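Architecture at a glance
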Amino acid sequence: MKDRRTAVNKLNTLLFGRDLRITKGEPFIKVYPFDYSSYYPEEKYISSQKPPKKNVYDIRQFGASPEREDNADAVNVAVSLAAETGGTVLVTGGDYVCTTVFLKSNVTLFIEKGSSVSANKTGEGYNHLGVIHADGCENITLTGGGKVKGNGEYFGLKPQLNENITVHPEVIDVIRMRRDARAQIRFAHKSKYGGTVYFKNCKNVKADNFIIENAAHWSFRIENCSGVEIRNFVINNNRHVANADGFDVAGTSDISIEHCFVSTADDGICLKNAVWLGNSGKMSNITVRDCEVISCANAFKIGTETTYDIENVTVEDCTFLMTDIYPGTVSGIAVESADGAKVKGVTVKNIKMDRVTCPVFVRLCNRNRAAEVTAQSANAVEFGKKREKGASAEKDEFNLLGEVKDIHIENIEASGVEIPVILAGFKQGRVTKYVENITLKNINMTYAPYKEVYDKRSYIPEYADVYPESWRFRNLPAYALWARHVSGLKLLDFNCSIPRSTWKKDIICEDIK
């Protein structure tokens, strides 16, 4: 790769906003080397667990068999009976293909270690509710040490590249980095059925000692719930299946995610709160602690689907990393408001990162997506369909309402960094909005040992109304910190090693109050 962009190269960057997306073809089921992370510490999180002896409903007693094409009827009978007694549904003795299993209140789903419930390979029979679904339930539990398997490779198209990229180029170039990442993605085939576990409108949810493997879409969707405890949980996905997030927490308050391992293609742990997702008010009291996350997108992220407020969020004692493949994780900590939400009161501390390109990305913009999409149109492309027209709100209902404020980030050790910490509000027309009260304390960044492409730009666009992502800003003129439209910024013990070769400044601040 050349270390200087020519005039022709710069002209080509105008194409940056045009998405590389494969839209035609049949499902591509071949697994490339390193689609899955070689680092997979299942034994650290999952243990053998004996099922209870009383009040147990073994799915085999109701006709379930590893030989059947669909065991959902048998499992759902067991669930209905267990709901009457507050019992346990036992999955043991092999792998059971199922269309949607509908959990009910007061039921424990116990999948024994070595056994599993699997999605069928056609995508038929799900209606985007996933493999395990619960709606309006109370007191439900997932446990046992076993798996829900999504068979994600059966619902994506062949990526542009014939193999994964495992070697870093000699020159850091964010534009090339993004294109290389997109070229490895298996975009959605029209048969894609949805995610693996989807809980909606539920209270008092526990998930402990459980595995999700190879999701086709969002792995564990937790929507409009409260009182959720997740721990000793593993999500191990193909890292190139499009939209395979790890945990998606939408419109949900009072949730803790502790001692979990996530390896996935899209965001590892993501908080969302949007009208088109069916959310309707503020979410708060979210804790993420003692987790390891491998993500080809963002390890921990608030946004981008954010019309309603999110506050009181704590992330601590975690490790964010990338193994085997290039590029690294897009951002370690991404705190974003793009669609009108007020995001405030976020504390992040004691985080180790390795091969995370941008350690911290704090972004306020005004995409105002609610004025353009409905629940159906927002997901159309992600399920291999043509985007539909329609809006879920009037154009001014959430316009220019967004805020990002009171963000405290401390004790960050990041190695293999490739782009700076980015803090950015926006200017749109005559309106300027600032991210407010940002503290970065004891931040230590070690740059990846590569040259920086010379790509000096006369100005950096605002990107106010587009999808927010750290890579969106391309090759910035700073290597440690780039900040614009920030009010109340504190840097305490902020350190960044000088890259091997760079034309950039360490810190650039524009319009800082």
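Residues numbered from 1 in each chain as written. Predicted model: local features only at pLDDT ≥ 70, side-chain atom pairs only at ≥ 80, totals over all residues. Heavy atoms only, no water.

1. Quick notes on the confidence of the model for the chain
Selection criterion: Scored from 0 to 100, pLDDT reflects the predictor's confidence in each residue. Each helix corresponds to a stretch of at least 4 residues labelled H or I by DSSP, and each strand to a stretch of at least 2 residues labelled E; elements are numbered beginning at the N terminus.
When the pLDDT values of the chain are averaged, the result is 95; 97% of them are 70 or greater. Looking over the chain, one finds the lowest element-wise mean pLDDT in helix H1 (residues 7–12), namely 64, and the highest in strand S19 (residues 292–295), namely 99.

2. Remarks on the side chain of Arg484
Applied cut-off: Any N or O atom pair separated by 3.5 Å or less is treated as a polar contact, with the protein-specific requirement of one donor-capable and one acceptor-capable atom, and with residues adjacent in sequence counted only for side-chain atom pairs. By the convention used here, residues are in contact when the closest approach between their heavy atoms is within 4.5 Å.
With respect to the helices and strands, Arg484 occurs in strand S31 (residues 478–496). Within the local environment of Arg484, its side chain forms a polar contact with the backbone oxygen of Pro461, the two atoms lying 2.9 Å apart. Not counting the four nearest positions on each side in its chain, Arg484 is found in contact with Leu423, Ala424, Gly425, Ile460, Pro461, Glu462, Phe473, Glu510, Asp511 and Ile512.

3. A few points about the pairing of strand S5 (residues 108–111)
As a general feature of sheets, a regular strand has side chains that alternate between the two faces. To keep things clear, this is the line we draw: Any two strands between which DSSP finds at least two bridges are classified as paired.
Sheet analysis places strand S2 (residues 88–91) next to S5, joined by four bridges and oriented parallel. What sits directly across from Thr88, in S5, is Thr108. In terms of strand pairing, S5 meets strand S8 (residues 138–143) through three bridges, oriented parallel. Residue pairing in the sheet places Thr108 in a bridge with Thr141 of S8.

4. Notes on the nonpolar core
Across soluble globular proteins, nonpolar side chains have a tendency to be buried as a group. For the record, the criterion: Here, the term nonpolar core denotes a set of buried Ala, Val, Leu, Ile, Met, Phe, Trp, Tyr and Cys residues that are joined through side-chain atoms within 4.5 Å. The classification of residues rests on relative accessible area computed with a 1.4 Å probe and restricted to protein chains. Under 20% of the type maximum is buried, over 50% is exposed, and intermediate values are partly exposed.
Ranked by internal contacts, the top residues of the largest apolar core, which has 123 residues, are Phe199, Phe220, Ile230 and Phe320. No other element matches the nine residues that S31 contributes to this core. Those residues in contact with Phe220, other than ones at most four positions away along the chain, are Leu142, Val197, Phe199, Ala207, Ile212, Ile230, Phe233, Gly246, Phe247 and Asp248. One finds Trp218, Ala370, Ala378 and Ala393 within the second-largest nonpolar core, a separate group that totals 11 residues.

5. Here we look at the pattern of salt bridges
Rule in force here: Within this document, salt bridges are pairs made up of a side-chain nitrogen of Lys or Arg and a carboxyl oxygen of Asp or Glu, the two lying within 4 Å of each other.
Inspection of the entire model under this criterion finds 22 salt bridges. With a shortest N-O distance of 2.8 Å, Asp35 and Arg186 are connected by a salt bridge. Placement of the pair is Asp35 in the loop between H1 and helix H2 (42–45) and Arg186 in the loop between helix H4 (174–182) and strand S11 (197–200), with a sequence separation of 151 residues. Pair check on accessibility: Asp35 and Arg186 agree, each one buried.

6. A word on unusual backbone geometry
Put simply, Gly303 and Thr304 share a cis peptide bond, and its omega is 5°. Along the polypeptide, Thr304 turns up in strand S20 (residues 298–306). With an omega of 0°, the peptide bond running from Tyr326 to Pro327 counts as cis. Among the structural elements, Pro327 can be located in the loop between strand S21 (310–321) and strand S22 (329–337). Positioned with a positive phi, Asp317 is a non-glycine residue whose angle comes to about 60°. Given the relative accessible area of 38%, Asp317 is considered partly exposed. The residue Asn368 is not glycine, and still its phi comes out positive at about 55°. Along the chain, the position of Asn368 falls in the loop between strand S24 (356–364) and helix H5 (375–379).

7. As for the packing of aromatic side chains
What counts is decided by this rule: Any Phe, Tyr or Trp ring, taking Trp's six-membered ring, that has another such ring centre within 6.5 Å forms a pair; planes under 30 degrees apart are called stacked, those over 60 apart edge-to-face, and the others tilted.
In this structure the tally under the stated criterion is 17 aromatic pairs. Ring centres 5.8 Å apart and planes at 35° place the aromatic pair Phe210 and Phe233 in the tilted group. On the criterion of sequence distance, the pair formed by Phe210 in strand S12 (residues 203–213) and Phe233 in strand S14 (residues 226–236) is long-range, its members being 23 residues apart. The same class applies to Phe210 and to Phe233, which are both buried.

8. Here we look at H4
Counting buried positions over the nine residues of H4 gives seven, a clear majority of the element. Of all the residues in H4, the buried ones are Val174, Ile175, Met177, Arg178, Asp180, Ala181 and Arg182. Buried-residue contacts for H4 involve strand S10 (171–172) and S24.

9. Focus on the state of the cysteines
Put simply, the rule is: Any pair of cysteine sulfurs within 2.5 Å is marked as a disulfide.
If you walk through the whole model with that rule in mind, you get zero disulfides. Cys137 forms no disulfide, and the closest cysteine sulfur to it belongs to Cys202, at a distance of 4.7 Å. Since its relative accessible area comes to 4%, Cys137 is described here as buried. Cysteine Cys509 is unpaired, with the sulfur of Cys496 as its nearest cysteine sulfur at 14 Å.

10. A few points about helix H3 (residues 72–85)
The cut-off we apply is this: By this rule the span expected of a helix is its residue count minus one, scaled by 1.5 Å.
End to end, H3 covers 20 Å across 14 residues, agreeing with the expected 20 Å (1.5 Å per residue, within 8%). Those residues of H3 lying buried are Ala72, Ala74, Val75, Asn76, Ala78, Val79 and Ala82. Check the buried side of H3 and you find it contacts strand S1 (56–58), S2, strand S3 (95–98) and strand S4 (101–102). Phi turns positive one or two residues past the end of H3, at Gly86, with a value near 65°.

11. Things to note about the environment of Asn285
Mapped onto the elements of the fold, Asn285 is located in strand S18 (residues 283–289). Overall, the relative accessible area of 33% leaves Asn285 in the partly exposed class. For the pair Asn285 and Gly227, spaced 58 residues apart in the sequence, the C-alpha separation amounts to 9.9 Å. In contact with Asn285, other than residues within four places in its own chain, are Ser253, Asp254, Ile255, Glu311 and Asn312.

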